[in-house]
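Remarks on the overall topology
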Amino acid sequence: MTVTLEVSAGVGTIRLDRPPMNALDIATQDRLKELAEEAARRDDVRAVVVYGGEKVFAAGADIKEMQVMDHAAMVVRGKALQDSFTAVARIPKPVVAAITGYALGGGCELALCADFRIAGDNAKLGQPEILLGLIPGAGGTQRLARLVGPSKAKDLIFTGRHVKADEALAIGLVDRVVPAAEVYEQAHAWAAKLAQGPALALRAAKESVDAGLETDIETGLAVERNWFAGLFATEDRERGMRSFVEEGPGKAKFL
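The text that follows walks through the structure, step by step, so that each part is easy to find. Being a predicted model, the structure only gives us computed values, none of them experimental.

A word on unusual backbone geometry
- The peptide bond linking Pro19 to Pro20 adopts the cis configuration, its omega dihedral lying at 5°.
- With respect to the element layout, Pro20 can be found in the loop between strand 2 (11–16) and helix 1 (26–41).
- Located in the positive-phi region is Ala9, a residue other than glycine, with phi close to 55°.
- Ala9 gets classed as exposed once you look at its relative accessible area, which sits at 64%.
- One non-glycine residue with positive phi stands out, namely Asn22, at about 55°.
- In this fold, Asn22 is placed in the loop between strand 2 and helix 1.

A closer look at the sheet that holds strand 2
- What the six strands build is an open sheet, ordered 1-2-3-4-6-9; its pairing is mixed. Because the sheet does not close on itself, it has two edges, and the strands there are strand 1 (3–8) and strand 9 (176–178). If you compare each strand with its neighbour and ignore which way they point, the axes differ by 20° on average.
- Taken together, the three bridges between strand 6 (residues 116–120) and strand 9 define a ladder with parallel strand orientation. Bridging from a neighbouring strand, Ile118 pairs with Arg176 of strand 9.

Topic: the pattern of salt bridges
- Tallying each qualifying case throughout the model produces 15 salt bridges.
- For Arg31, the salt bridge goes to Glu34, with nearest N and O atoms at 2.7 Å. Linking Arg31 with Glu34, this pair stays in helix 1, spanning three residues, or about one helical turn.
- We classify Arg31 as buried; its relative accessible area is 18%.
- Three or more residues joined by partner-sharing salt bridges are found here, namely Arg18, Asp25 and Asp62.

Some remarks on the side chain of Thr13
- Note on placement: Thr13 falls in strand 2.
- A polar contact is formed between the side chain of Thr13 and the side chain of Tyr184, at a distance of 2.6 Å.
- Leave out the neighbours within four places in its chain, and Thr13 touches Thr4, Leu5, Glu6, Val49, Tyr51, Tyr184 and His188.

Observations concerning the nonpolar core
- By size, the foremost hydrophobic cluster in this structure holds 45 residues, and its most contacted members are Phe57, Ile99, Leu125 and Leu173.
- Among the elements that make up this core, the one with the highest residue count is helix 3 (residues 71–89) (five residues).
- Not counting residues within four places of it along the chain, the set of residues in contact with Ile99 comprises Phe57, Ala111, Arg117, Ile118, Ala119, Gly120, Ala123, Leu125, Val174 and Val183.
- By size, the runner-up hydrophobic cluster in this structure holds 14 residues, among which are Val49, Tyr51, Val96 and Val183.

Rules of the game
Residues numbered from 1 in each chain as written. Predicted model: local features only at pLDDT ≥ 70, side-chain atom pairs only at ≥ 80, totals over all residues. Heavy atoms only, no water. Helix = DSSP H or I, 4+ residues; strand = E, 2+ residues; numbered from the N terminus. Buried < 20%, exposed > 50% of the residue type's maximum accessible area, 1.4 Å probe, protein only. Pairing = 2+ DSSP bridges. Axes fitted to C-alpha atoms, helices over the stretch in contact; angles between N-to-C directions. Salt bridge = Lys/Arg side-chain N within 4 Å of Asp/Glu carboxyl O. Polar contact = N/O pair within 3.5 Å; in protein donor to acceptor, adjacent residues only side chain to side chain. Contact = heavy atoms within 4.5 Å. Core = buried A, V, L, I, M, F, W, Y, C linked by side-chain atoms within 4.5 Å.

If you want it as structure tokens, here you go:
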């Protein structure tokens, strides 16, 4: 399998495994979508790590496979390509990308689908599609601009240049830079900590932020208000408030 899902301590690790560079061919894209949807459904998965291994996250699409595709073929495939990445973005649980080595093209777009990005000090990220006479097609023009702002996104997309980990951190493309050997350990620890939190409230927080970024503020506030009120019907809210009153803040244990 080019993509696998392993679960430990409430954390599901979606692992890309297509040596040598984890090129994202059609079979890998389809498998990624399948496992992202599985992680979203499973109750034993409360947070997710997306990981490409010790040497590389994903160096992009399979160019040899794409080279033989014409306009008609990509009209058919383009939606499925985006859907495979969107399935990761819509996992209703915290998702962290653990980035080592190259995260280019589709690899960078996959990292953009996470809620949090931990990069190794050897990481290089970028959207080099312009060098092929193309633009990003798996969400890069949209998610990158929302994350780092339109000007910085255009810089990366127009030039196709790679950015090293320190610059990626400075522009907000990644959230933390750590020694390459510690990337997965730290990503798993981040996910495991959140896996102990209130699952429905975390889902509400994620969906409220994501929905708000895609609409006007009044609609976003309505989404937030509905989720906020709805959480008053949950056992986690009762447990959290009771623990706060009886034991003080930050001591609640959620199932």
